[in-house]
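# Report on the structure
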Amino acid sequence: MGLADKLASPQIKELEVYQSARRIGGAGNVYLNANESPFPAYKMPTDESWQRYPDFLPDQVARDYARYAGVSSASTLTVRGADEAIDLLIRCFCQPQKDSIRINSPTYAMYEFIAKAHQVAVIDIPLNDNFSLDMDQKLANKNKSKLIFLCHPNNPTGNLLKVKDVLSLAESHKDDALIIVDEAYIEFCPDCSLVGKIENYPNLVVLRTLSKAFAMAAVRIGFVIADESVIELIAKLIAPYPIPDPCARIALNALSDEGIAFMLEQRDRIISIKAKYQEKLADLVSVKRVYPSVVNFLLTEFEDSQTIFAELKKNGIILRDQNHIPNLANHLRITIGEETEMERLISCLSQLE
Ligand SMILES: *Cc1c(COP(=O)(O)O)cnc(C)c1O
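Residues numbered from 1 in each chain as written. Predicted model: local features only at pLDDT ≥ 70, side-chain atom pairs only at ≥ 80, totals over all residues. Heavy atoms only, no water.

## Here we look at the sheet that holds strand β8 (residues 222–226)
Note: strands within a sheet are paired through backbone hydrogen bonds, in either parallel or antiparallel orientation. A sheet is described by the order of its strands in space; here seven strands give the open sequence β2-β8-β7-β6-β5-β3-β4, paired in mixed fashion. Across the chains shown, the open sheet's two edge strands, defined by having one partner strand only, are β2 (76–79) and β4 (121–124). If you compare each strand with its neighbour and ignore which way they point, the axes differ by 25 degrees on average. Bridge count between strand β7 (residues 204–209) and β8: five bridges; the pairing is antiparallel. Its bridge partner lying in β8, Thr 209 is registered against Gly 222. (Pairing = 2+ DSSP bridges. Helix = DSSP H or I, 4+ residues; strand = E, 2+ residues; numbered from the N terminus. Axes fitted to C-alpha atoms, helices over the stretch in contact; angles between N-to-C directions.)

## Describing the packing of aromatic side chains
The final tally for this structure, using the stated rule, is seven aromatic pairs. Taking the centre distance of 3.8 Å and the plane angle of 10 degrees together, the rings of Tyr 65 and Phe 223 count as stacked. Of this pair, Tyr 65 sits in helix α4 (residues 59–69) while Phe 223 is found in strand β8, placing the two residues 158 residues apart along the sequence. Each member of the pair, Tyr 65 as well as Phe 223, is classed as buried. Here the aromatic rings of Tyr 68 and Phe 214 are separated by 5.3 Å at their centres, their planes lie at 80 degrees, and the arrangement is edge-to-face. Here Phe 214 lies in the loop between β7 and β8 and Tyr 68 lies in helix α4, a separation of 146 residues in the sequence. For Tyr 68, a relative accessible area of 23% corresponds to the partly exposed category. Cluster of aromatic residues (ring-pair linked, three or more members): Tyr 65, Tyr 68, Phe 214 and Phe 223. Above the face of the Phe 39 ring, Arg 269 is positioned so that its terminal group lies 4.0 Å from the ring centre. The residue whose ring lies beneath Arg 333 is Phe 297, and the NZ or CZ to ring-centre distance is 5.6 Å. (Phe/Tyr/Trp six-rings, centres within 6.5 Å; stacked < 30°, edge-to-face > 60°. Buried < 20%, exposed > 50% of the residue type's maximum accessible area, 1.4 Å probe, protein only. Lys NZ or Arg CZ within 6 Å of the ring centre and 35° of its normal.)

## Description of the pattern of salt bridges
Taken as a whole, this structure holds 15 salt bridges when the rule is applied. One salt bridge connects Glu 183 with Arg 208, and the closest N-O pair in it is separated by 2.8 Å. One end of the pair, Glu 183, is in the loop between β6 (178–182) and β7; the other, Arg 208, is in strand β7, with 25 residues separating them in the sequence. When its relative accessible area of 0% is taken as the criterion, Glu 183 is described as buried. The partner of Lys 288 in a salt bridge is Glu 301, with the nearest N and O atoms 3.8 Å apart. Residue Lys 288 is located in strand β9 (residues 287–290), and its partner Glu 301 is located in strand β10 (residues 297–302); the two are separated by 13 residues in the primary sequence. (Salt bridge = Lys/Arg side-chain N within 4 Å of Asp/Glu carboxyl O.)

## Things to note about the site of the ligand
In the region of the ligand, 13 residues are neighbours, and Ala 82, Asp 182, Thr 209, Ser 211 and Lys 212 sit closest. Contact distances for the ligand include 2.9 Å between an oxygen atom and a side-chain N or O atom of Asn 155. With respect to the ligand, the side chain of Asp 182 contributes an N or O atom lying 2.6 Å from a nitrogen atom. Starting from 390 Å² of accessible surface for the ligand in isolation, the protein chains cover 94%. In terms of residue count, the dominant contributor to the shell around the ligand is helix α5 (residues 81–93) (three residues). In terms of residue class, the shell around the ligand is built from five nonpolar, four polar and four charged. (Near = heavy atom within 4 Å. Polar contact = N/O pair within 3.5 Å; in protein donor to acceptor, adjacent residues only side chain to side chain. Areas by Shrake-Rupley, 256 points an atom, 1.4 Å probe, with all protein chains shown as cover. Nonpolar A, V, L, I, M, F, W, Y, C, P; charged D, E, K, R; others polar.)

Pasting the structure below:
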């Protein structure tokens, strides 16, 4: 046993590593496994010099994002992707071995993973069969979780939660919990955002990212939008120079009027590709069900997902396996790629039949 192993915190030793798409790996040439955009991002900056430390926090990025999101910049914090926001929130509000968070499975795996890494308990109140929130208030109120994580639209199921359910949770927990609404995919259904409700429900905290519709997963920029009191607290915990300058400049490009228009155009292309291939998938014999989706991926149930997953992989097409998730046996998550990639997927699947 090495020294690191001997000294490690027990909860870290026991921790099952979060299986990100890149960690799982798989060599292919059609990557439909990480909900990235199939298109390149808006203009990258060149000819810059990088010898100085960046701003403590890039003010202009928060200001421009706040303008895009229709909120005040004082209620907007720039972070290294929504994943960092999840970590900061849990570290800010939850004490190890004492506090808990609440999740509603199946949902994004990082909430549970980060909580466990910090020895914070996880209370799961599974979603209903139609993937809506279980609003049984007795259950909801019994536990005293300080943070309630909601994914809206939800990954991997692809549906929105009912806004009235989210607000009713915010209301019933207004004195004892923050309701974290992860809006990583909200560009695909912007009218359903909850940012406008923060004023009336100051315990709502919204997470955003440039990784999905903005096509900048590699740049690692996300945002927390919340009441200023929440933002100030999280900002205390942030690293000395959290946002690399090149990333801040790339983000500023993306948040210009032209950058936003570019993103919206690509989003609309993704939505129309989705509509077409949703039907083609549903027509396949090996596909049992394609769930309705408001986002850039399709949760799909197969007769035998393991064979399909393995055969596609042999052909260089990488999907995201959901088979290990309770209630999602035989399900795969398919990110909407470019038309040519989707065409290859369908033709491979048809050949397997
Ligand atoms: C992709 C994703 C994230 C991670 O976003 P980053 O900004 O890239 O860290 C967070 N939440 C959900 C629901 C996601 O699907």
